[in-house]
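Each chain, letter by letter, is given below.
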Amino acid sequence: MMDRLARVAAPAATVLVFLLLWQGSVDAFHVSPDKLPAPAAILATIWHGRIAFASAIGTTLAEALIGLAGGTLIGIASGVLLSQVRLLERMFLPYLVASQAVPIIAFGAIIIMWFGNGISSKAIIAVYLSFFPVAVNTLAGISAIEPSEIGLLRSFGAGRLAILFKLQLPATLPAIFTAIRLGASLALVGAIVGEWFGATQGLGVVLLTAMFDYRVPQLWAAIVLTGATGTALYGLVVLLQRRIAWWQAEA
Amino acid sequence: MASKIRVVGISKHYDVGRKAMRTLDDVGLDVGAGEFVTLVGPSGCGKSTLFSILAGLTAPDPGGELFIDGKRRALDHLLGGVAFMPQRDMLFPWRTVLDNAILAAEIDGVPRRVARERATRSLDRFELRGFAAHYPGQLSGGMRQRVALLRTFMFERDIMLLDEPFGALDALTRALMQRWLLEVWEANRRTVLFITHDIDEAIFLGDRVVVMSARPGRIKFDAAVPLPRPRSTGMVTQPDFVALKRQLLGIIEEESLKTFEAMNQPLATDA
């Protein structure tokens, strides 16, 4: 109990001390709010614009979540496919890797032209960014399963489908979740970058307009909220992982 | 006793670099229906390879023959047809004790609900009562082995291949498990092939003890165990037991020495 308390309290204390130092130095050295606003001022800005901010977060979070879900499904599907058909792995894995060398920025404009400036274009960018780690980890996880475990299932008369669903997929779930955690951050980046190319609402739009209008407290408020959204998204994945893939990989 | 499983002329080699490593050399074995045969031999003599071939998981070199119930069969005939328990328990950490136990039955097409009911009824006999909902990570080594054994027994085939199921257990747990296994086996008398490193275990459990030679594995020695059933702990000090043990120790020491010498030849080292 004390241990759990300390695990929550200790990092919270770090943040509190950090915020106090921040607030204290801004006050003490009279730092201009155009350079760095004090935490209290940022909080006030957030509170003041809470309705607009909430709607922006809603939009961006929806884009990231749809993108992450799609990226996860496509990632698992392609990882499974490549793991089952050796020829497909040989044919496509190099290009899969190469695809990640192309910065999404290069494609952003095209994707907005093709899919419009609504939610779907951002979700597609988020899919593109988040599917890759999931695909790679799925493939690696399935390949790492001991042949003797597959042999055991075959000795029970299992075919490929039974081996896939009773051994390969469940055994790979922890690795898949590790990838989804990475994908969660990438999906949010994808959604925001997508908004920069063309959107009417969302955190990316708030960031851009605050920058162009030189509203620094507004900009900082958007930064803080983006961070909070990213943390929440990551936390959601961790929570799901603890519920679904809670076991430790055995030696 | 009618022959349940008979293999003739089973050989197996693996290509290691440009050299062929012969694992099994012309192995022949005949196991009667309901017989409990224990298989001993120095490590690396191909016992596990032989099991893998019998289970249909590994193809032997051409030329071998397999007979089941006196009928000639393809060499992979037993794939899905024997209850095979490998050395490691291979329990799935994401499945509960009960769901690990029904894995083989489930793959065999038994509906989950039916399989769970059957496994639940067996929990007592496998001394797992109260642990149905536990996960493998929460169990001791002996309990994990019993779950793996229950999984093997739930796959109802009349031939069982048990590869050193008690190898990782401490002496006391092992002795308890041996007596317990015999009790369970007496109840339905399936044909059992049982690999072990432990000569006492081989004699105590088996109707017959078969010794394999150092690599490449051959059948070196095959003797009936002159002890009545049911076996009891006191038998391990009987003259018949001790005489057979002395004989087996001699043969196995000779074979182990060959393995040891082969390992220490500077040109024949393998990683």
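Predicted model, so just to flag it, every value in this text is computed and none were measured.

On to the domain arrangement of chain B, then. All names here are of chain B. Domain annotation of chain B identifies domain 1 (3-82 + 157-268) and domain 2 (89-156). Each of domain 1 and domain 2 has a C-alpha centre, and the two are 25 Å apart. Contact with domain 1, which involves 9 residues of that partner, is made by 8 residues of domain 2. By residue number, the principal contributor to the side of domain 1 that touches domain 2 is helix α6 (residues 171-188), which donates 3 residues.

Our next topic: unusual backbone geometry. Note: most peptide bonds trans; most residues except glycine with negative phi. Residues and elements named next belong to chain B. For the bond running from Arg-215 to Pro-216, omega is -5 degrees, close enough to zero to count as cis. Relative to the helices and strands, Pro-216 is located in the loop between β9 (208-212) and β10 (219-224). Looking along the chain, the bond that leaves Arg-229 and enters Pro-230 is cis, with omega of -5 degrees. Checked against the element boundaries, Pro-230 lands in the loop between β10 and α8 (239-264). The phi dihedral of Glu-127 falls on the positive side, at around 50 degrees, and the residue is not glycine. Note on placement: Glu-127 falls in the loop between α4 (112-122) and α5 (141-154). The exposure class of Glu-127 is partly exposed, given the 15 C-beta atoms found within 10 Å.

Okay, helix α7 (residues 147-155) of chain A next. Within α7 of chain A the residues assigned to the buried category are Leu-152, Arg-154 and Ser-155 of chain A. An end-on view of α7 of chain A places all buried positions within 165 degrees of arc, on one side of the element. For α7 of chain A, the elements touching its buried residues are β6 (83-85) of chain B. Just beyond α7 of chain A, the residue with positive phi is Gly-157 of chain A, at close to 90 degrees.

Here we take up the pairing of strand β8 (residues 191-195) of chain B. Residue and element names in this part refer to chain B. Most of β8 sits inside the fold, with 5 of its 5 residues counted as buried. Neither face of β8 is left uncovered, since the one carrying Thr-191, Leu-193 and Ile-195 and the one carrying Val-192 and Phe-194 both have all their residues buried. Bridge count for strand β3 (residues 36-40) against β8 is 4 bridges, and the pairing is parallel. Looking at the pairing, Phe-36 lines up with Val-192 of β8. Across 5 bridges, the pairing between strand β7 (residues 159-163) and β8 is parallel. Considered in β8, the bridge of Asp-163 is made with Ile-195. Between the parallel pair β7 and β8, the chain is carried across by α6, and the sense of this crossover is right-handed.

Reading the values: rules and limits
Residues numbered from 1 in each chain as written. Chains lettered and ligands numbered in written order. Predicted model: local features only at pLDDT ≥ 70, side-chain atom pairs only at ≥ 80, totals over all residues. Domains from an automatic or database assignment. Contact = placed C-beta atoms within 7 Å. Helix = DSSP H or I, 4+ residues; strand = E, 2+ residues; numbered from the N terminus. Buried ≥ 20, exposed ≤ 12 C-beta atoms within 10 Å, placed from the backbone. Arc of directions from axis to C-beta. Pairing = 2+ DSSP bridges. Right-handed = clockwise from strand over helix to strand, strands pointing away.

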